Amino acid sequence: MRYEGSIYRPPSEAYSLLIQVTIGCSHNTCTFCTMFKDKKFRVRPIEEVFEDLEMARRAYPVVEKIFLCDGDALCLSNEKLMRILTRIAELFPECKRVSVYGTARDINRKSDEELKELLDAGMEMIYMGAESGSQAVLDKIHKDVTVREQIDAVKKAERVGIKMSVTFISGLAGLEGWEDHAIATGKMITEMNASYASLLTLMLDPAAPIMKDIESGEMTLLTPEQVVGETYLLLENAMPKKSCVFRSNHASNYISLRGNLPEDRQRMLAQLKIAMENTGLLKDERFRML
(Lines give C-alpha, C1' and ligand atoms only; values in the text may rest on other atoms or scores of the structure.)
Protein backbone atom coordinates (compact mmCIF):
# COMPACT_ATOMS: atom_id res chain seq x y z
CA MET A 1 0.00 0.00 0.00
CA ARG A 2 1.04 3.62 -0.57
CA TYR A 3 1.02 5.93 2.44
CA GLU A 4 2.15 9.50 2.90
CA GLY A 5 3.69 10.29 6.28
CA SER A 6 2.78 8.58 9.54
CA ILE A 7 -0.56 6.78 9.60
CA TYR A 8 -2.86 6.78 12.63
CA ARG A 9 -5.91 4.66 13.32
CA PRO A 10 -8.09 3.82 16.34
CA PRO A 11 -6.94 0.82 18.43
CA SER A 12 -10.03 -1.15 17.40
CA GLU A 13 -9.00 -0.83 13.74
CA ALA A 14 -5.77 -2.78 14.28
CA TYR A 15 -6.76 -5.47 11.77
CA SER A 16 -8.49 -3.20 9.27
CA LEU A 17 -7.29 -2.29 5.81
CA LEU A 18 -6.13 1.34 6.04
CA ILE A 19 -6.84 3.48 2.98
CA GLN A 20 -5.63 7.09 2.89
CA VAL A 21 -8.32 9.26 1.27
CA THR A 22 -7.17 12.57 2.74
CA ILE A 23 -3.68 13.62 3.77
CA GLY A 24 -3.36 15.12 7.25
CA CYS A 25 -6.04 16.89 9.28
CA SER A 26 -8.10 19.82 8.01
CA HIS A 27 -8.17 21.39 11.50
CA ASN A 28 -4.69 20.58 12.84
CA THR A 29 -4.49 23.31 15.51
CA CYS A 30 -5.15 21.30 18.71
CA THR A 31 -2.37 22.19 21.14
CA PHE A 32 -1.93 18.70 22.60
CA CYS A 33 -1.56 16.94 19.22
CA THR A 34 1.38 16.58 16.86
CA MET A 35 0.02 13.70 14.80
CA PHE A 36 -0.41 15.59 11.54
CA LYS A 37 1.86 18.60 12.02
CA ASP A 38 4.27 17.27 9.38
CA LYS A 39 1.57 17.26 6.69
CA LYS A 40 -0.31 19.95 4.80
CA PHE A 41 -3.94 18.94 4.46
CA ARG A 42 -5.15 17.92 1.04
CA VAL A 43 -7.69 15.61 -0.53
CA ARG A 44 -6.15 12.70 -2.33
CA PRO A 45 -7.13 12.21 -5.99
CA ILE A 46 -9.86 9.61 -6.11
CA GLU A 47 -8.02 7.75 -8.87
CA GLU A 48 -5.16 7.12 -6.41
CA VAL A 49 -7.62 5.85 -3.81
CA PHE A 50 -9.11 3.45 -6.36
CA GLU A 51 -5.63 2.24 -7.30
CA ASP A 52 -4.84 1.49 -3.65
CA LEU A 53 -8.11 -0.40 -3.24
CA GLU A 54 -7.29 -2.48 -6.31
CA MET A 55 -3.77 -3.15 -5.01
CA ALA A 56 -5.22 -4.30 -1.69
CA ARG A 57 -7.69 -6.57 -3.44
CA ARG A 58 -4.83 -8.31 -5.19
CA ALA A 59 -2.82 -8.57 -1.96
CA TYR A 60 -5.42 -9.72 0.57
CA PRO A 61 -7.78 -12.66 0.10
CA VAL A 62 -10.20 -11.45 2.81
CA VAL A 63 -10.81 -7.90 4.06
CA GLU A 64 -13.60 -7.60 6.60
CA LYS A 65 -13.00 -4.04 7.84
CA ILE A 66 -11.70 -0.90 6.15
CA PHE A 67 -10.70 2.34 7.84
CA LEU A 68 -10.49 5.52 5.79
CA CYS A 69 -7.56 7.75 6.84
CA ASP A 70 -6.30 10.46 7.63
CA GLY A 71 -7.51 12.78 10.38
CA ASP A 72 -11.04 13.53 9.23
CA ALA A 73 -11.86 11.87 5.94
CA LEU A 74 -15.53 12.58 6.66
CA CYS A 75 -14.87 16.16 5.52
CA LEU A 76 -15.19 14.90 1.94
CA SER A 77 -18.43 15.54 0.10
CA ASN A 78 -20.95 12.74 -0.01
CA GLU A 79 -20.42 12.49 -3.75
CA LYS A 80 -16.75 11.58 -3.25
CA LEU A 81 -17.39 9.35 -0.25
CA MET A 82 -20.12 7.47 -2.08
CA ARG A 83 -17.81 6.82 -5.04
CA ILE A 84 -15.24 5.35 -2.64
CA LEU A 85 -17.81 3.29 -0.73
CA THR A 86 -19.30 1.98 -3.98
CA ARG A 87 -15.87 0.89 -5.19
CA ILE A 88 -15.21 -0.82 -1.86
CA ALA A 89 -18.47 -2.75 -2.17
CA GLU A 90 -17.51 -3.84 -5.70
CA LEU A 91 -14.01 -4.97 -4.77
CA PHE A 92 -14.62 -6.29 -1.25
CA PRO A 93 -18.09 -7.86 -1.05
CA GLU A 94 -16.98 -9.59 2.17
CA CYS A 95 -16.29 -6.26 3.92
CA LYS A 96 -18.53 -5.93 6.97
CA ARG A 97 -17.74 -2.37 8.01
CA VAL A 98 -16.16 0.85 6.80
CA SER A 99 -15.26 3.44 9.42
CA VAL A 100 -13.68 6.87 9.49
CA TYR A 101 -12.48 9.71 11.70
CA GLY A 102 -14.85 12.66 11.70
CA THR A 103 -15.29 15.98 13.48
CA ALA A 104 -18.51 17.39 14.88
CA ARG A 105 -18.62 19.93 12.07
CA ASP A 106 -18.15 17.21 9.44
CA ILE A 107 -21.23 15.45 10.81
CA ASN A 108 -23.35 18.54 11.40
CA ARG A 109 -22.64 19.77 7.86
CA LYS A 110 -24.29 16.68 6.41
CA SER A 111 -28.03 16.19 6.31
CA ASP A 112 -29.73 13.20 7.90
CA GLU A 113 -30.32 11.89 4.39
CA GLU A 114 -26.62 12.15 3.51
CA LEU A 115 -25.58 10.34 6.68
CA LYS A 116 -28.15 7.62 6.02
CA GLU A 117 -26.80 7.30 2.47
CA LEU A 118 -23.31 6.69 3.87
CA LEU A 119 -24.65 4.17 6.38
CA ASP A 120 -26.52 2.25 3.70
CA ALA A 121 -23.30 2.16 1.64
CA GLY A 122 -21.38 0.52 4.50
CA MET A 123 -20.04 3.34 6.68
CA GLU A 124 -21.22 2.03 10.02
CA MET A 125 -18.96 3.88 12.49
CA ILE A 126 -17.45 7.33 12.98
CA TYR A 127 -14.66 7.97 15.48
CA MET A 128 -14.69 11.44 17.00
CA GLY A 129 -12.17 12.99 19.37
CA ALA A 130 -14.35 15.10 21.67
CA GLU A 131 -11.44 15.43 24.17
CA SER A 132 -13.50 17.21 26.87
CA GLY A 133 -17.02 18.20 27.80
CA SER A 134 -15.76 21.51 29.18
CA GLN A 135 -15.97 24.53 26.89
CA ALA A 136 -13.11 26.17 28.80
CA VAL A 137 -10.86 23.19 28.05
CA LEU A 138 -11.91 23.02 24.40
CA ASP A 139 -11.10 26.71 23.99
CA LYS A 140 -7.78 26.33 25.78
CA ILE A 141 -6.63 23.50 23.47
CA HIS A 142 -7.83 25.34 20.33
CA LYS A 143 -10.35 22.66 19.45
CA ASP A 144 -12.47 25.33 17.74
CA VAL A 145 -15.76 23.58 18.44
CA THR A 146 -18.50 24.02 21.02
CA VAL A 147 -19.75 21.48 23.51
CA ARG A 148 -23.20 21.74 21.94
CA GLU A 149 -21.85 21.10 18.42
CA GLN A 150 -20.19 17.92 19.62
CA ILE A 151 -23.26 16.64 21.46
CA ASP A 152 -25.55 17.45 18.54
CA ALA A 153 -23.22 15.69 16.08
CA VAL A 154 -23.15 12.47 18.07
CA LYS A 155 -26.91 12.45 18.58
CA LYS A 156 -27.46 13.17 14.88
CA ALA A 157 -25.28 10.29 13.68
CA GLU A 158 -26.71 7.86 16.23
CA ARG A 159 -30.24 8.89 15.27
CA VAL A 160 -29.74 7.72 11.68
CA GLY A 161 -28.05 4.49 12.81
CA ILE A 162 -24.32 5.28 12.55
CA LYS A 163 -22.44 4.17 15.65
CA MET A 164 -20.30 6.85 17.26
CA SER A 165 -17.07 6.08 19.10
CA VAL A 166 -16.13 9.17 21.10
CA THR A 167 -12.75 9.69 22.76
CA PHE A 168 -11.90 11.88 25.75
CA ILE A 169 -8.51 12.63 27.32
CA SER A 170 -7.82 12.28 31.04
CA GLY A 171 -5.54 14.95 32.45
CA LEU A 172 -6.11 17.35 29.57
CA ALA A 173 -7.14 20.26 31.84
CA GLY A 174 -4.21 19.83 34.21
CA LEU A 175 -4.47 20.41 37.94
CA GLU A 176 -6.02 23.83 37.37
CA GLY A 177 -9.18 22.56 35.65
CA TRP A 178 -9.50 18.86 36.43
CA GLU A 179 -12.82 19.06 38.29
CA ASP A 180 -14.57 21.02 35.55
CA HIS A 181 -13.10 18.68 32.93
CA ALA A 182 -14.24 15.56 34.81
CA ILE A 183 -17.76 16.71 35.65
CA ALA A 184 -18.47 18.29 32.26
CA THR A 185 -17.11 15.25 30.39
CA GLY A 186 -19.25 12.88 32.46
CA LYS A 187 -22.29 15.01 31.68
CA MET A 188 -21.39 15.06 27.99
CA ILE A 189 -21.22 11.25 27.93
CA THR A 190 -24.64 11.22 29.59
CA GLU A 191 -26.24 13.54 27.05
CA MET A 192 -24.48 12.22 23.94
CA ASN A 193 -25.66 8.63 24.36
CA ALA A 194 -22.94 7.43 22.00
CA SER A 195 -22.53 3.73 21.27
CA TYR A 196 -18.92 3.86 22.49
CA ALA A 197 -16.97 6.18 24.79
CA SER A 198 -13.33 5.83 25.68
CA LEU A 199 -10.70 7.55 27.79
CA LEU A 200 -7.09 8.02 26.85
CA THR A 201 -4.63 9.58 29.29
CA LEU A 202 -2.62 12.62 28.24
CA MET A 203 0.83 11.79 26.87
CA LEU A 204 2.73 14.57 25.19
CA ASP A 205 5.21 14.85 22.38
CA PRO A 206 7.84 17.44 23.40
CA ALA A 207 6.92 19.32 20.21
CA ALA A 208 3.25 19.72 21.21
CA PRO A 209 2.30 23.43 21.54
CA ILE A 210 0.72 22.74 24.97
CA MET A 211 4.24 22.11 26.31
CA LYS A 212 4.73 25.90 26.44
CA ASP A 213 1.94 26.14 29.04
CA ILE A 214 3.52 23.37 31.09
CA GLU A 215 7.02 24.86 30.93
CA SER A 216 5.71 28.31 31.90
CA GLY A 217 3.81 26.90 34.87
CA GLU A 218 0.43 27.88 33.44
CA MET A 219 -0.57 24.20 33.38
CA THR A 220 0.38 21.57 35.96
CA LEU A 221 0.21 17.96 34.84
CA LEU A 222 -1.76 15.54 37.01
CA THR A 223 -0.01 12.79 38.91
CA PRO A 224 -1.15 9.21 38.19
CA GLU A 225 -3.13 9.24 41.44
CA GLN A 226 -4.84 12.48 40.46
CA VAL A 227 -5.73 11.05 37.03
CA VAL A 228 -7.49 8.16 38.77
CA GLY A 229 -9.39 10.61 40.98
CA GLU A 230 -10.41 12.60 37.91
CA THR A 231 -11.67 9.42 36.22
CA TYR A 232 -13.68 8.58 39.34
CA LEU A 233 -15.41 11.97 39.28
CA LEU A 234 -16.05 11.62 35.55
CA LEU A 235 -17.76 8.24 35.97
CA GLU A 236 -19.83 9.56 38.86
CA ASN A 237 -21.35 11.99 36.36
CA ALA A 238 -21.70 9.60 33.40
CA MET A 239 -25.19 8.12 33.23
CA PRO A 240 -26.29 7.63 29.59
CA LYS A 241 -29.82 6.37 29.12
CA LYS A 242 -28.94 3.70 26.57
CA SER A 243 -26.11 1.23 27.03
CA CYS A 244 -22.74 2.74 26.11
CA VAL A 245 -19.62 0.60 25.78
CA PHE A 246 -17.01 2.31 27.95
CA ARG A 247 -13.29 1.64 27.70
CA SER A 248 -10.28 3.06 29.53
CA ASN A 249 -7.87 0.30 28.59
CA HIS A 250 -5.57 2.12 26.18
CA ALA A 251 -1.81 1.73 26.57
CA SER A 252 -1.69 5.30 27.92
CA ASN A 253 -4.06 4.60 30.83
CA TYR A 254 -2.83 3.98 34.38
CA ILE A 255 -5.65 1.57 35.15
CA SER A 256 -7.67 -0.58 32.76
CA LEU A 257 -11.46 -0.27 32.82
CA ARG A 258 -13.91 -2.18 30.66
CA GLY A 259 -17.67 -2.14 30.98
CA ASN A 260 -20.95 -0.70 29.84
CA LEU A 261 -22.58 2.47 31.13
CA PRO A 262 -24.67 2.73 33.14
CA GLU A 263 -24.82 -1.01 33.94
CA ASP A 264 -21.21 -1.47 35.07
CA ARG A 265 -20.69 1.99 36.49
CA GLN A 266 -20.62 0.95 40.15
CA ARG A 267 -18.20 -1.92 39.47
CA MET A 268 -15.80 0.39 37.62
CA LEU A 269 -16.06 3.01 40.38
CA ALA A 270 -15.17 0.28 42.87
CA GLN A 271 -12.13 -0.64 40.75
CA LEU A 272 -11.00 2.97 40.79
CA LYS A 273 -11.51 3.25 44.54
CA ILE A 274 -9.31 0.20 45.11
CA ALA A 275 -6.63 1.73 42.88
CA MET A 276 -6.86 5.03 44.77
CA GLU A 277 -6.23 3.15 48.02
CA ASN A 278 -3.49 0.94 46.57
CA THR A 279 -1.46 2.99 44.09
CA GLY A 280 0.80 0.02 43.45
CA LEU A 281 -1.90 -1.20 41.08
CA LEU A 282 -1.29 1.72 38.70
CA LYS A 283 0.67 1.10 35.52
CA ASP A 284 4.32 2.07 35.70
CA GLU A 285 5.33 4.94 33.40
CA ARG A 286 7.71 2.58 31.59
CA PHE A 287 4.76 0.62 30.26
CA ARG A 288 2.65 3.54 29.06
CA MET A 289 2.98 4.15 25.37
CA LEU A 290 1.13 5.36 22.28
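Structure: above.
Residues numbered from 1 in each chain as written. Predicted model: local features only at pLDDT ≥ 70, side-chain atom pairs only at ≥ 80, totals over all residues. Heavy atoms only, no water.

> Which residues make up the packing of helix α7 (residues 174–192) against helix α9 (residues 224–236), and what are the values?
One can describe the packing of α7 onto α9 by two numbers: an axis separation of 8 Å at closest approach and a directional angle of 35°. Two packed elements cross with a definite hand, and for α7 against α9 that hand is right-handed. Side by side, α7 and α9 meet where L175, W178, E179, H181, A182, I183, T185, G186 and I189 of the first sit next to Q226, G229, E230, L233 and L234 of the second. (Axes fitted to C-alpha atoms, helices over the stretch in contact; angles between N-to-C directions. Helix = DSSP H or I, 4+ residues; strand = E, 2+ residues; numbered from the N terminus. Left-handed = near helix turned anticlockwise from the far one by under 90°. Contact = heavy atoms within 4.5 Å.)

> Got a sec to walk through unusual backbone geometry? Specific residues and values, please.
For the bond from C69 to D70, the omega torsion is 5°, close enough to zero to count as cis. Within the secondary structure layout, D70 lies in the loop between β4 (65–69) and α2 (78–91). Here the residue pair L261 and P262 is connected by a cis peptide bond, since its omega of 5° sits within 30 degrees of zero. By secondary structure assignment, the location of P262 is in the loop between β10 (257–261) and α10 (265–277). One non-glycine residue, H142, lies in positive phi territory at about 60°. Tracing the backbone through its elements, the reader meets H142 in the loop between α5 (135–140) and α6 (147–160). Assessed through its relative accessible area of 42%, H142 is described here as partly exposed. (Buried < 20%, exposed > 50% of the residue type's maximum accessible area, 1.4 Å probe, protein only.)

> Explain a nonpolar patch on the surface residue by residue, including any values.
Where nonpolar side chains cluster on the molecular surface, the patch consists of M1, Y3 and Y60 and spans about 270 Å² of accessible area. We classify Y3 as partly exposed; its relative accessible area is 37%. (Patch = residues over 30% accessible without salt bridge, like charges linked within 9 Å, V, L, I, M, F, W, Y side chains within 5 Å. Areas by Shrake-Rupley, 256 points an atom, 1.4 Å probe, with all protein chains shown as cover. Salt bridge = Lys/Arg side-chain N within 4 Å of Asp/Glu carboxyl O.)

> Can you break down α10 residue by residue, with the values?
Here α10 is 13 residues long and its end C-alpha atoms lie 19 Å apart, about the 18 Å a rise of 1.5 Å per residue gives. Inspection of α10 places R265, M268, L269, L272 and A275 among the buried residues, and these make up the whole buried set. Projected down its long axis, α10 carries its buried residues within an arc of 120°, all on one side. Residues of α10 that are exposed and point more than 90 degrees away from the buried face comprise Q266 and E277. Summarising the contacts, the buried residues of α10 are in contact with α9, β9 (244–248) and β10. (Expected span 1.5 Å × (residues − 1). Arc of directions from axis to C-beta.)

> Give a description of the pairing of strand β7 (residues 163–170) that names residues and reports values.
Counting buried positions along β7 gives 7 out of 8 residues, so the element sits mostly inside the fold. The sheet contact formed by strand β6 (residues 123–131) and β7 spans 6 bridges and is parallel. Bridging from a neighbouring strand, E131 pairs with F168 of β7. Of the pairings in the sheet, the one linking β7 to strand β8 (residues 196–201) comprises 6 bridges and is parallel in character. Its bridge partner lying in β8, S170 is registered against T201. In this fold, the crossover linking β7 to β8 by way of α7 has right-handed handedness. (Pairing = 2+ DSSP bridges. Right-handed = clockwise from strand over helix to strand, strands pointing away.)

So yeah, pure geometry; function would need other evidence.
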